[in-house]
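Results of the structural survey
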Amino acid sequence: MLELLVETRCFAGLHRRYRFHSRELAGDTVFAVFLPPQALEGARVPVLYWLSGLSCTDENVMQKAGAQRLAAELGLALVAPDTSPRGEKVPSDPEGSWDFGHGAGFYVDASQAPWSRHYRMHSYVTLELPELVEAQLPISNRRGISGHSMGGHGALVGAMRHPGRYSSVSALAPIANPARCPWGQKAFSYLLGSDNQTWQAWDASALLSSGQGPVGPDGRPLPLLVDQGSADPFLASELKPEALEAAATASDHPLTLRRQAGYDHSFFFVSSFIDDHLRHHAAALLS
């Protein structure tokens, strides 16, 4: 059952935060939703699921990205889950670092103890959460998925692992090749074990290069839109967009990779290009 925590009027729509008990995460979790005015007038509207990055919650994108104005005009709902399971019983980084554990679930289904009980963010965001919001809110099953940084990784992998489930996909500064970067290697070693061959199923560049690019409900390849700032301090060491680009070329999958001069990794970057991503999704979801 959904417990309403906050309701705020926004661009003639409503921003809400809910709490509920998740079966996949084995605990309570919070998510945010923006319902555009069309949803308040009786329409069931298409939805963009937004996955946030390391150390974030649902509040970062809802408060900093400025997505609601255009979403209201377009008639798109926005749904933003948290970035990890949380709670006293949920294990976190043994070293107390910010880049793993609470706030850093990496959108995979963990296979290793003690993480496997709670760290099932992939099944939560791709299956459980959509099932819930589409049943209890005026939201249709026409879905797009996007995200930033760790969330960009989650969005790409989510669309690739669930052919036909999404009608659109995009990412901003995604961790494009997590099996070959320090953030991903640390998280995957805890969550998935030491065999890096098992990591490939959770790596967007590896999936794409193997021909497992995202496809839409009509069976056609979904074009990828990716924005990356050239002044991003994590560009070379953690994000590796060139790996995604090479994989798209090798598999002949449509990719628009825009390298934005002078932009960093912050929400100044996200807010500068979020409207382009909303329009990218609207073109598919509202057609």
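See the structure printed just above.
All values derive from a computational prediction rather than experimental measurement.

About the thresholds
Residues numbered from 1 in each chain as written. Predicted model: local features only at pLDDT ≥ 70, side-chain atom pairs only at ≥ 80, totals over all residues. Heavy atoms only, no water. Buried < 20%, exposed > 50% of the residue type's maximum accessible area, 1.4 Å probe, protein only. Helix = DSSP H or I, 4+ residues; strand = E, 2+ residues; numbered from the N terminus. Pairing = 2+ DSSP bridges. Salt bridge = Lys/Arg side-chain N within 4 Å of Asp/Glu carboxyl O. Axes fitted to C-alpha atoms, helices over the stretch in contact; angles between N-to-C directions. Core = buried A, V, L, I, M, F, W, Y, C linked by side-chain atoms within 4.5 Å. Expected span 1.5 Å × (residues − 1). Phe/Tyr/Trp six-rings, centres within 6.5 Å; stacked < 30°, edge-to-face > 60°. Lys NZ or Arg CZ within 6 Å of the ring centre and 35° of its normal.

As a further point, take the pairing of strand β5 (residues 77-81). Within β5, five of the five residues are buried, which leaves it mostly tucked inside the rest of the structure. Of the two faces of β5, the one holding A77, V79 and P81 and the one holding L78 and A80 are both buried throughout. Pairing between strand β3 (residues 27-35) and β5: four bridges, direction antiparallel. Looking at β5, one finds that V33 is bridged to V79. As paired elements, strand β4 (residues 45-51) and β5 share three bridges and run parallel to each other. Bridge assignment links Y49 to a residue of β5, and that residue is V79.

This part covers the pattern of salt bridges. Where charged atoms of side chains with opposite charge meet at close range, the side chains can pair. Tallying each qualifying case throughout the model produces 17 salt bridges. The partner of E24 in a salt bridge is R120, with the nearest N and O atoms 2.7 Å apart. With a gap of 96 residues between them, E24 in the loop between β2 (13-22) and β3 and R120 in the loop between β5 and α4 (121-136) connect regions that are remote in the sequence. Judged by its relative accessible area of 14%, E24 falls in the buried class. By relative accessible area, R120 is classed as partly exposed at 25%.

A separate point is the sheet that holds β3. The strand order β1-β2-β3-β5-β4-β6-β7-β8-β9 describes an open sheet built from nine strands, whose pairing is mixed. Looking at strand neighbours, the two that pair on one side only are β1 (3-10) and β9 (255-260), the edges of this open sheet. Each adjacent strand pair in this sheet contributes to an overall mean axis angle of 20°, direction not counted. As defined by bridge partners, β2 adjoins β3 across nine bridges and the pair is classed as antiparallel. In the sheet register, H15 faces β3, and the bridge partner there is F34.

The next thing to look at is the nonpolar core. Among the nonpolar cores identified, the biggest contains 90 residues, and F31, F106, I139 and L191 are the most heavily contacted of them. In terms of residues, this core owes the most to one element, helix α10 (residues 267-285), which gives eight residues.

Turning our eyes to something else, we now look at helix α5 (residues 150-161). For α5, which comprises twelve residues, the first-to-last C-alpha distance of 16 Å matches the rise-based estimate of 16 Å (1.5 Å per residue) to within 8%. The element α5 is largely enclosed, with a buried count of eleven among its twelve residues. When we look at burial in α5, the residues that qualify are M150, G151, G152, H153, G154, A155, L156, V157, G158, A159 and M160.

Turning our eyes to something else, we now look at the packing of aromatic side chains. Per the stated rule, a full pass over the model turns up 15 aromatic pairs. Following the ring pairs from residue to residue traces out a cluster consisting of Y18, F20, F31 and Y124. Directly above the ring of W202 sits R161, whose terminal nitrogen or CZ lies 3.6 Å from the centroid.

Our focus in this paragraph is unusual backbone geometry. With an omega of 0°, the peptide bond running from A113 to P114 counts as cis. On the secondary structure map, P114 appears in the loop between β5 and α4. Positive phi outside glycine occurs at A12, with the angle close to 70°. Locating A12 in the fold gives a position in the loop between β1 and β2. Taking the relative accessible area as the measure of exposure, A12 reaches 42% and is therefore partly exposed.

For the rest of this paragraph, the subject is the pairing of strand β6 (residues 139-147). Burial of β6 is extensive: seven of the nine residues sit out of reach of the surface. Sheet analysis places β4 next to β6, joined by six bridges and oriented parallel. Each bridged residue has a counterpart across the sheet, and for L48 the counterpart in β6 is G144. Alignment of β6 against strand β7 (residues 168-172), held across two bridges, turns out to be parallel. Residue pairing across strands places G144 opposite S168, the latter belonging to β7.

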